[in-house]
Structure formats: structure tokens, C-alpha cells
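Next come the chains, spelled out residue by residue.
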Amino acid sequence: MSAASLRRAARESVSGLPRAFWWLWTSTLVNRLGAFVATFMTLYLTLDRGYSASFAGLVVALHGLGGVISSLVAGVMTDRLGRRPTLLAAQASTAFSVALLGFMEHPAAIAAVALLVGMTSNASRPAVAAMMADIVRPEDRVRAFALNYWAINLGFAVSATAAGLIAEYSYLAGFLGEAALTLACAVLVYVKLPESRPERGGAGAAGAASGSGGSGGSMDKGGAEPEIGLGSVLRDGRFMGVVGLSFLISLIFTQGSVGLPVAMGSAGFSPGDYGLVIAVNGFLIVALQIPVTRLIEHRDPQKLLVVSALLAGYGFALTAFAGPVWAYALTVCVWTLAEIVNSPTQMGLVVRLSPVHGRGRYQGVYTMSWAVAALVAPLMAGFMIDRWGADWLWATTGVLGTVAAVGYWLLMRGLSEGAAGESAPAAAGGTAATAQETPLPTTSGPVGAT
């Protein structure tokens, strides 16, 4: 490919997105540049503090439990209070709790503050996803989610390498560094990001009414969308199926930060070795996320999710055969490709299945699948590694990937690209509403539909 073609592809990948998206993107990047706790918690507890893999798994599980608790609460806050205040509260409290965790000495105190960190750090996710859906046009969403995921992993690739080296000298410096960058994100949100929550009964509701073809997305006679409660989300069968499959996929991917470091530490590798291996994940996503997204954005999401589930499961299963550091890095390459395909595809699907004024709650329930996985995965990894060895853990990931692939194939039968709004509550209403709510400049390049 020529340099001119590369420049044109890059320009088409970023054109047409609103300014608010890019400030949100910048906030994501800064936040991930400071990622330390979630990545190095198990190494901190097992290598630096000398605790067992089971105790480390318990502490990381409590971190995940905090995320489970905050997912639903933050989803409701996102819809009721707004995206911006939810983001501000989440990021400011995360900065405080992460700094506090670095000074904890007693095991019970470490566990308690880890729970608090899980609650605060997870609370921003529903607000970020809902705001992105609010400000980006439907046809640009897969591209926007891919770019945001690219920012996450650009920051992660840099932070994993740097933090791996920092951890060999001072774990406390890692905790304080994450706290400082998270606080910087809160300042950025306060200064640059306006509130994006759609107003009921306005142009957004009218647009949704005119564009909705499905029964779930219909409006009442007054032009206002029916109230969306958590019960409505939990009764949405297809959406909850997506949430269940997301749990299986996230249970697999979470092993990159809980099972993999413990297994490598047990095999005699240093935190720096693990940092280099896991940084491959971030660097590959940085290099491939945008071109792969351009390749898949018009493809059948059912096939993409099935293939990504198989790549994830068997990519981790290959870890059982890894010996030297480069072999671990090769297995990371396999499941990273699954991540590149799965993340924007699944996020686009979630937004399509979410009604406009219920986006916070829907995103909260969806985020809960990752939070529950963050609770279960470390317990599973610690138990299996301590009792039977890491090979059993990697075999289990292969089974989970197969089950998820079959689930996606069954769940998405009949859910075509154009019929999404007829298959789920308010999907058509959600996309039409956003197109009316946020007038955006016309993109200059091809875009993917969601």
C-alpha cells in the first residue's frame, strides 16, 4: 500500500466525528496511560507481598465485586443525573481510592480498599458508552467504538511496559501515577465535555418516533418514550443473551490480567517479562484495530462474533504449550485478534439493542457482565492454578470460547443488519433518535453501519 493510500485510509478513519468525541477519546487515552492496579494487582500481592495465588484471586475478585455493585448504580445515575456528573464523580473517587490502596498494609485493609477501587473505577463505563452513543451518528458508531478501543490499548501498551519496569522498583509509584492521571481525566471532563443526555419530548423523541419500526421502540401519544427501568432491561431476552455471552468472553479475556501473570510468575518469569508479553496485546491493537475495523465494518456481525469467540478461547488455550517468553507473546497475538474483532462489533450490537432514554441502564447491565467476570475470573484462576495447575485453566478457556461461539450463532439467527430494530426494544428508535438529537458534519469517507 502506498503512502498516499495509507494517509487516505487514516483520514477516512477519523473524519466526520464530532469534537466532543475526540475529547472523550483523549480522556480515555489519558486514563489508560495510568492503568496499573488492574494489570499488576496479582503480581503485587504474590511477588511483592508474598500472598498466595488464592488470596490474590480473592482480592482481585473483590475488585470485580465492586464493579458489579457500581455497574447498575452508575447506569441509573447516567440516565437520571446525566453522563457528565457521573463521569466526574467516578473519576475523582477513583483517583482517591487508588492512591489510598497503595498505602494499605493489612490484608483486610487491602481487600476492603480493592473493593472500593472496583466500585469507583467501573462506575464511569456506562456513562462513557452512553455519551459516545449520544454524540456519534449511528453509521459511525462501530468506527467510533473501534477508535475508542484503540485509545484504550494505546495507553495500555505504553503503561504496561512502563509499569512493568516501575513495579520492579516501586509498586507505590504505580498506584500514585494512576491516581494522578485519573484525576487529570476528571479535570478534562469538567473543562471540555458538555452534557449529552437526550431530553425527553424534544427533537430526539420525535425523531425516534418517526424512525421506529419495532414495537419496543414505539412512542406514546405525547411523543415521549416510555420510562425504561432495570426491570425492562432484565426482561429483554435477546439483550440479556448478549450480556450472558459477553460474560463468557470477558471471563476468557480477563485471564490476561489474572491467570497469565500468576502462571508466568509461577514459571519463574519477572514482572518485566509479563509486562513485555502483555504489552504485545496493546501494541497489536494499536497497529491493527483501525485497518481491521475498516475490513470488518460491513461484515455479518454474527460471523464476526462467532469467529472472535473461537479465537479468544483457543488463543488462551495455546498458553498451555508456551515455554519461552516469545511463545507467550505468540499466544497473545492470537487472542488479541479476537479482541480487535469482538470489541467494536459487540459494542455496536449493544447500542443497537438499547433505547435512547435507557442507554445508561442498558450499558450498566452490559458493563455488569464484565464486572461479574472480573469477580469470577480471579477466583477461578487462583483455585485452578493452586489445585491442578495452569494447564487446566487454559483448557477451560478453550471450552468457554466454544460455548460462546455456539451461543452467538444461535442468538443472532434472524438478527440482520437492517432488522435490528424489529428484533429488540427500541433499537430502531435509538438510532433514529440519535441522528436527530446531534446534528453532525458529513463524513468525507466511507463508514460502517451498525
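See the structure above.
Because the structure is predicted, anything quoted here is derived from the model rather than measured. (Residues numbered from 1 in each chain as written. Predicted model: local features only at pLDDT ≥ 70, side-chain atom pairs only at ≥ 80, totals over all residues. Heavy atoms only, no water.)

Moving on to the packing of helix α12 (residues 237–253) against helix α17 (residues 359–387). In the contact formed by α12 and α17, the axes pass within 8 Å of each other and the chain directions differ by 35°. Every pair of crossing elements has a handedness; the one defined by α12 and α17 is right-handed. Touching Phe-239, Met-240, Val-243, Ser-246, Phe-247, Ser-250, Leu-251 and Phe-253 of α12 are Tyr-362, Val-365, Tyr-366, Ser-369, Trp-370, Val-372, Ala-373, Val-376, Ala-377 and Met-380, all from α17. Counted by class, the contact of α12 with α17 contains 15 nonpolar, three polar and no charged residues. (Axes fitted to C-alpha atoms, helices over the stretch in contact; angles between N-to-C directions. Helix = DSSP H or I, 4+ residues; strand = E, 2+ residues; numbered from the N terminus. Left-handed = near helix turned anticlockwise from the far one by under 90°. Contact = heavy atoms within 4.5 Å. Nonpolar A, V, L, I, M, F, W, Y, C, P; charged D, E, K, R; others polar.)

As a further point, take the side chain of Gln-302. The residue Gln-302 is located in helix α15 (residues 301–317) in this model. A polar contact is formed between the side chain of Gln-302 and the backbone oxygen of Trp-409, at a distance of 2.8 Å. Not counting the four nearest positions on each side in its chain, Gln-302 is found in contact with Tyr-408, Trp-409, Met-412 and Arg-413. (Polar contact = N/O pair within 3.5 Å; in protein donor to acceptor, adjacent residues only side chain to side chain.)

Applying the stated criterion across every chain, the model contains 13 aromatic pairs. Look at Trp-25 and Trp-150: their rings are 6.0 Å apart centre to centre, the planes differ by 15°, and that puts the pair in the stacked class. Of this pair, Trp-25 sits in helix α2 (residues 19–33) while Trp-150 is found in helix α8 (residues 141–167), placing the two residues 125 residues apart along the sequence. We note that Trp-25, like Trp-150, is buried. Each member of the aromatic cluster is reached from another via a ring pair, and the members are Phe-21, Trp-22, Trp-25 and Trp-150. (Phe/Tyr/Trp six-rings, centres within 6.5 Å; stacked < 30°, edge-to-face > 60°. Buried < 20%, exposed > 50% of the residue type's maximum accessible area, 1.4 Å probe, protein only.)

Moving on to the environment of Val-68. If you trace the backbone, Val-68 turns up in helix α4 (residues 53–80). Residue class for Val-68 comes out buried when judged on its relative accessible area of 17%. In this structure, the C-alpha to C-alpha distance between Val-68 and Ala-123, residues 55 residues apart in sequence, is 9.5 Å. Apart from residues lying up to four places away in sequence, Val-68 is in contact with Met-368, Ala-371 and Val-372.

In this fold, Leu-88 is placed in helix α5 (residues 83–101). For the pair formed by Leu-88 and Val-189, sequence separation is 101 residues and the distance between their alpha carbons is 6.8 Å.

A few words on the pattern of salt bridges. Enumeration according to the criterion identifies three salt bridges in this entry. Here Arg-361 ties to Asp-79 by a salt bridge, and the two come within 3.1 Å at their closest N and O atoms. You can see Arg-361 sitting in helix α17 and its partner Asp-79 sitting in helix α4, a full 282 residues away along the chain. Each of the two residues, Arg-361 as well as Asp-79, counts as buried. We note a salt bridge from Asp-134 to Arg-83, for which the minimum N-O separation is 2.6 Å. In this pair, Asp-134 is assigned in helix α7 (residues 124–135) and Arg-83 in helix α5, connecting sequence segments 51 residues apart. In terms of burial, Asp-134 and Arg-83 fall into one category: buried. Each of Asp-79, Arg-83, Asp-134 and Arg-361 takes part in a single network of salt bridges with overlapping partners. (Salt bridge = Lys/Arg side-chain N within 4 Å of Asp/Glu carboxyl O.)

On to α7, then. For α7, built from 12 residues, the straight-helix expectation of 16 Å at 1.5 Å per residue is met to within 8% by its first-to-last C-alpha distance of 17 Å. Most of α7 is tucked away, with 11 of its 12 residues classed as buried. (Expected span 1.5 Å × (residues − 1).)

This part covers the nonpolar core. Here is a general trend for soluble globular proteins: nonpolar side chains tend to be buried in one another's company. Grouped together as the largest cluster of nonpolar side chains are 107 residues, with contacts concentrated most on Phe-21, Phe-239 and Leu-260. Sorting elements by how many residues they give to this core places α17 first, with 11 residues. Leaving out residues up to four positions away in the same chain, Phe-21 has contacts with Met-132, Ile-135, Val-136, Ala-144 and Leu-147. If you look at the next biggest cluster of nonpolar residues, it comprises seven residues, including Ile-285, Val-292, Ile-296 and Ile-340. (Core = buried A, V, L, I, M, F, W, Y, C linked by side-chain atoms within 4.5 Å.)

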